[in-house]
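# Analysis of the macromolecular model
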Amino acid sequence: MTPLDYLDKHQQRFIDDLCTYVRFPSVSAQPQHSPDVRACADWVALRCRQIGLETTLHQTSGNPLVVAKTPKHDPRKPTFLVYGHYDVQPPEPFDLWKSAPFEPRVEGRNLYGRGASDNKGQHLAHLNAVEAFLATGTELPVNVTFLIEGEEEVGCGGLYGFLPKNKELLACDAVVISDNGIPSLKHPTLTYALRGIVALEIRLEGPSRDLHSGLFGGTVENPAMALCQLLGKMRDRKGRVTIPGFYDDVQKLSRYERQQLAKLPHSDTSYRRLVGVPQLFGEVGFTVEEQRTCRPTFEINGLTSGYQGEGSKTIIPCWASAKLTIRLVPDQKPARIVAAVRKYLKSLCPPTVRLKISDGHGGEPYLCSPTSPLAQAALKALEAGYGYPGALAREGGSIPIVNRFRSELGADTLLLGMALPDDNAHSPNEKFNLDSFESGMRMAAHLWPLLAQAHAAD
Ligand code: BES
Ligand code: ZN
């Protein structure tokens with residue numbers, strides 16, 4: 001039996017396995033789920049061992065991670081590292097889910113559940129493809145190392161410490177990641193760029209305690225109002241971020257890239273419907289696809305201040321805070337942007353409140369060659385798996401670890417996403433499309449011989 005026949009034959013079991021995997025509420029952001037996170041890592045390790053991979057479970061400064069290798073790595077063959085994450089985003093708000101987030105449900109060709117697409121289903125497809133080689137006794141022309149970690153959704157802390165100490169364990173010629181999306185099943189895509197990110201939290205402190213807004217209002221600055229005014233100055237009406245120097249290092253898009261991006265299927269109307277807004281907003285002078293993947297942004301992710309309970313409470317809140325992230329594009333540097341944001345916020349903050357800024361996680365933007373021999377081989381694997389020619393795209397999301405793979409392991413990353421735009425990653429009713437799961441597995445099975453050939457010819 002060929003690996004492809006094996007994949008066909010075991011589809012139902014693969015779906016059942018994905019359901020088992022999704023049942024673990026492996027939410028890395030919420031400390032109450034840390035036993036679930038550990039149980040999930042154990043399950044990944046078990047699954048890898050069952051397939052026949054040489055598997056080790058590693059404690060890190062944070063959540064455990066799994067390293068699993070195809071048996072007896074052969075030094076004459078190239079080695080590829082497949083990276084994925086078993087942690088998931090918080091499922092809240094629960095009431096918007098049609099079925100419970102950790103009770104997977106198959107409806108038509110979709111499997112619903114938190115983490116189904118981001119990222120459990122996608123790296124499981126790679127594990128299943130390697131299982132198909134091992135179980136059918138088909139020689140793999142490459143060595144594969146799986147690295148499945150548990151903190152991607154909170155900034156990869158544990159892995160950042162682990163990586164430099166385990167370079168030999170993770171040594172590879174290139175990295176393969178399926179933790180991103182494709183525009184449609186008919187447009188399988190090799191992603192050659194990702195946005196970077198910096199996270200900040202700002203807090204404005206006013207009076208020493210919440211004050212009666214009737215007795216004191218008009219004499220004391222309201223921190224919530226000051227925060228709104230401050231944040232309101234961060235972007236102009238043309239959708240451009242106003243922080244001085246913000247765009248200094250942004251690479252100009254070449255005509256070639258703009259042409260490539262314009263080939264991707266896109267309709268402003270269906271995009272608007274997908275996101276559910278009355279009208280689209282974005283930086284003037286760029287298409288939606290360019291705005292979403294090639295331009296930097298300043299986003300407020302959370303705003304907190306004052307009374308949040310039922311009914312009203314007439315106070316001047318004593319503080320207001322905002323969680324912010326800024327998406328970066330090549331060649332913006334996280335440290336330079338954080339410094340520019342800090343300086344600008346300080347210069348605008350009124351003397352009537354105290355400003356506190358704390359830096360969070362960050363990661364550089366990523367860009368690699370879409371025309372390298374490995375990239376060309378990956379495009380062929382996409383076509384073989386999905387039955388449509390592979391396209392090139394940039395993506396708006398961030399996978400900060402790809403830059404560490406480059407700096408620590410000297411390896412570039414091929415991004416071969418399987419998620420669809422309506423998969424609801426990070427949103428209620430996350431799902432994974434089972435046709436993409438199936439095509440993704442086939443793509444993954446075609447990938448290894450094609451990469452081996454390209455590597456040998458290079
Ligand atoms: N899978 C996503 C990243 C992604 C999604 C990349 C779609 C490209 C296209 C990943 O799990 C994720 O959500 N990353 C975070 C990173 C952050 C927490 C540092 C993100 O992009 O917000
Ligand atoms: Zn995610």
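So, here's what we can say about the structure.

Conventions adopted
Residues numbered from 1 in each chain as written. Chains lettered and ligands numbered in written order. Predicted model: local features only at pLDDT ≥ 70, side-chain atom pairs only at ≥ 80, totals over all residues. Heavy atoms only, no water. 1 Å grid on protein atoms, 1.4 Å probe; cavity = no way out; pocket = protein on both sides within 12 Å on 5 of 7 lines; lining within 4 Å. Points joined across faces, edges and corners; volume = space filled by probe spheres on them. Nonpolar A, V, L, I, M, F, W, Y, C, P; charged D, E, K, R; others polar. Donors = N, O, S within 2.8 Å, 3.2 Å for Na, K, Ca; no water. Tetrahedral: all angles 85-135°; square planar, octahedral: opposite > 155°, others 65-115°. Helix = DSSP H or I, 4+ residues; strand = E, 2+ residues; numbered from the N terminus. Axes fitted to C-alpha atoms, helices over the stretch in contact; angles between N-to-C directions. Parallel < 35°, antiparallel > 145°, perpendicular 65-115°, else oblique. Left-handed = near helix turned anticlockwise from the far one by under 90°. Contact = heavy atoms within 4.5 Å. Near = heavy atom within 4 Å. Polar contact = N/O pair within 3.5 Å; in protein donor to acceptor, adjacent residues only side chain to side chain.

### Observations concerning the layout of surface pockets
There is about 150 Å³ of room inside the second largest pocket. The wall of the second largest pocket is formed by T70, P71, K72, D74, K77, L134, G137, T138, E139, L140, V142 and N143. Across the lining of the second largest pocket, the residue classes tally to four nonpolar, four polar and four charged.

### Some points on the coordination of the zinc ion (ligand 2)
Around the zinc ion (ligand 2), the donor atoms from the protein are D118 (OD), E153 (OE), E153 (OE) and H426 (NE2), and they sit 2.0 to 2.6 Å away. Around the zinc ion (ligand 2), the six donor atoms are arranged such that angles at the metal cover 54 to 153 degrees; this shape is classified as irregular. Sequence spacing of the donors to the zinc ion (ligand 2): D-x34-E-x272-H. Pair noted here: D118 is in helix 4 (residues 116-135) and E153 is in the loop between strand 6 (143-149) and helix 5 (157-165), with a separation of 35 residues, a long-range link.

### Points about the packing of helix 2 (residues 11-22) against helix 4
When two helices pack together, their arrangement is given by the angle between the helix axes and by the axis-to-axis distance. For the pair helix 2 and helix 4, the least separation of the axes is 10 Å and the interaxial angle reads 140 degrees. In terms of orientation, helix 2 lies oblique with respect to helix 4. Crossing of helix 2 against helix 4: the hand is right-handed. Counting all contacts with helix 2, which are made through R13, F14, D17, L18, Y21 and V22, the residues of helix 4 involved are A116, K120, G121, H123, L124, N128 and E131. The class makeup of the residues in the contact of helix 2 with helix 4 is six nonpolar, three polar and four charged.

### Things to note about the site of ligand 1
Residues in contact with ligand 1 amount to 16 residues; listed here are only the nearest, E152, D179, R327, S398 and H426. In this structure, H85 approaches ligand 1 through a side-chain N or O atom, which is 3.2 Å from an oxygen atom. Measuring from an oxygen atom of ligand 1, one finds a side-chain N or O atom of H426 at 2.8 Å.

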